[in-house]
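# Secondary and tertiary structure notes
Okay, here's what each chain looks like letter by letter:
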Amino acid sequence: MSRLRDRRARHDRFYRKAKSERYAARSVFKLEEIDQRFQLLKSGRRVLDLGCRPGSWLQYAAAKVGEKGHVVGLDRELLEIAVPPNATSLEGDVLEVEPATLRAALPSGGGSCFHLVMSDMAPDTTGHAFTDQTRSAELVQCALDLALTVSCPKSSFVAKIFMGEGFQEVVTRMRKSFKRVKTVRPEATRSSSREVYLVGLELK
């Protein structure tokens, strides 16, 4: 019975909706809610998607920015889904990638900075809360390092983070870099999860 309950929990209405709308994962609805609240994705914008597998955030962002915009996705493995024509999938580690590599993936003549850097990355979890929270915060710090290097003025930043160790340090740093910083727990987040999303608006 426990396996059946676990399966039902995984295959909830967001899972079923993602399947019906042909998104790669249910996590797309977390981004959708954040986007609806803060209007991050608009036609013509350039977006960097860190930890882009399995690809639902990239799918959503590419549709929102349209043919005049572009989405660059980075992950340790290339996407298995069909990549939209206005997107590029790069294979690489966020801890090692050079900012120049990310800029070079943008179409020539379209600008060399990003209007939005977003990260749905999570660490390889251990089951030990302190360790997992610390690793999550370290990933966000790394994503923020990249964002501050490749972003346009007044750009935005979105990143998943586990509540707990290291969380406040990330918030403090973001407040120094962005005019507004918000914490969001989207409806599609599973009730058992400690994850939230930090949203930085208007890079100083």
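Each chain carries its own residue numbering, running from 1 in the direction its sequence is written. Side-chain atom pairs in this predicted model are given and counted only at pLDDT of 80 or more, local residue features only at pLDDT of at least 70, and totals for whole chains, interfaces and linings cover all residues. No hydrogens and no water enter the side-chain calculation; it runs on all heavy atoms of the structure.

### Some details on the environment of Phe 157
In this structure, Phe 157 sits in strand E5 (residues 151-162). Since its relative accessible area comes to 0%, Phe 157 is described here as buried. Each C-alpha atom, one on Phe 157 and one on Met 174, is 9.2 Å from the other, the two residues being 17 residues apart in sequence. Excluding its chain neighbours within four sequence positions, the residues that come into contact with Phe 157 are Leu 116, Val 117, Val 140, Ala 143, Leu 144, Ala 147, Met 174, Phe 178, Leu 198, Val 199 and Gly 200. Every helix listed is a DSSP run of H or I at least four residues long, and every strand listed is a run of E at least two residues long, numbered separately from the N terminus. A simple rule labels every residue: compare its accessible area, found with a 1.4 Å probe on the protein chains alone, to the largest value its type can have, and call it buried under 20%, exposed over 50%, or partly exposed in between. Here, two residues are considered to be in contact whenever any of their heavy atoms come within 4.5 Å of each other.

### Re unusual backbone geometry
In the segment running from Arg 53 into Pro 54, the intervening peptide bond is cis, with an omega of 5 degrees. Within the fold, Pro 54 resides in the loop between strand E1 (46-50) and helix H4 (56-65). At Lys 154, a residue that is not glycine, the phi angle is positive and equals roughly 65 degrees. Here Lys 154 falls in the exposed class, since its relative accessible area comes to 63%.

### Overview of the state of the cysteines
Sulfur atoms of two cysteines make up a disulfide when they are within 2.5 Å. Going through the model one piece at a time under the given rule, you end up with one disulfide. Disulfide partner of Cys 113: Cys 152, at an S-S distance of 2.0 Å. Note on the Cys 113 and Cys 152 pair: the S-S dihedral is about 95 degrees, so by sign convention the disulfide is right-handed. One end of the pair, Cys 113, is in the loop between helix H5 (99-104) and strand E4 (114-119); the other, Cys 152, is in strand E5, and 39 residues separate them in sequence. No disulfide involves Cys 52; its nearest neighbouring cysteine sulfur is the one of Cys 142, lying 15 Å away.

### What about the side chain of Asn 86?
The residue Asn 86 is located in the loop between strand E2 (70-75) and strand E3 (87-91) in this model. The buried category is assigned to Asn 86, whose relative accessible area is 10%. Reaching out from Asn 86, the side chain makes a polar contact with the backbone oxygen of Ala 62 at a distance of 2.9 Å. Dropping the residues within four chain positions of it, Asn 86 is found in contact with Ala 62, Val 65, Gly 66, Glu 67, Gly 69, His 70 and Val 71. In the analysis that follows, any N or O atom pair within 3.5 Å is treated as a polar contact, provided that within protein one partner can donate a hydrogen and the other can accept it, and provided that, for residues neighboring in sequence, both atoms belong to side chains.

### Thoughts on H4
For H4, the tally of buried residues reaches eight of ten residues, placing the bulk of the element in the interior. Ser 56, Trp 57, Leu 58, Gln 59, Tyr 60, Ala 61, Ala 62 and Val 65 are the residues of H4 that are buried. Two residues or fewer past H4, Gly 66 is found with a positive phi of approximately 70 degrees.

### Let's talk about the packing of aromatic side chains
When the centres of two rings from Phe, Tyr and Trp lie within 6.5 Å, Trp using its six-membered ring, the rings pair. Their planes under 30 degrees apart give stacked, over 60 give edge-to-face, and anything left gives tilted. Throughout the structure, instances matching the rule amount to two aromatic pairs. Each ring, one from Trp 57 and one from Tyr 197, has its centre 5.8 Å from the other, and the planes form 35 degrees; the classification is tilted. Here Trp 57 is found in helix H4, whereas its partner Tyr 197 is found in strand E7 (residues 195-203), with 140 residues between them in sequence. The interplanar angle of 20 degrees and the centroid separation of 6.3 Å between the aromatic rings of Phe 157 and Phe 178 together place this pair among those described as stacked. Placement of the pair is Phe 157 in strand E5 and Phe 178 in strand E6 (residues 178-184), with a sequence separation of 21 residues. Relative accessible area serves as the criterion here: at 2%, Phe 178 is assigned to the buried category.

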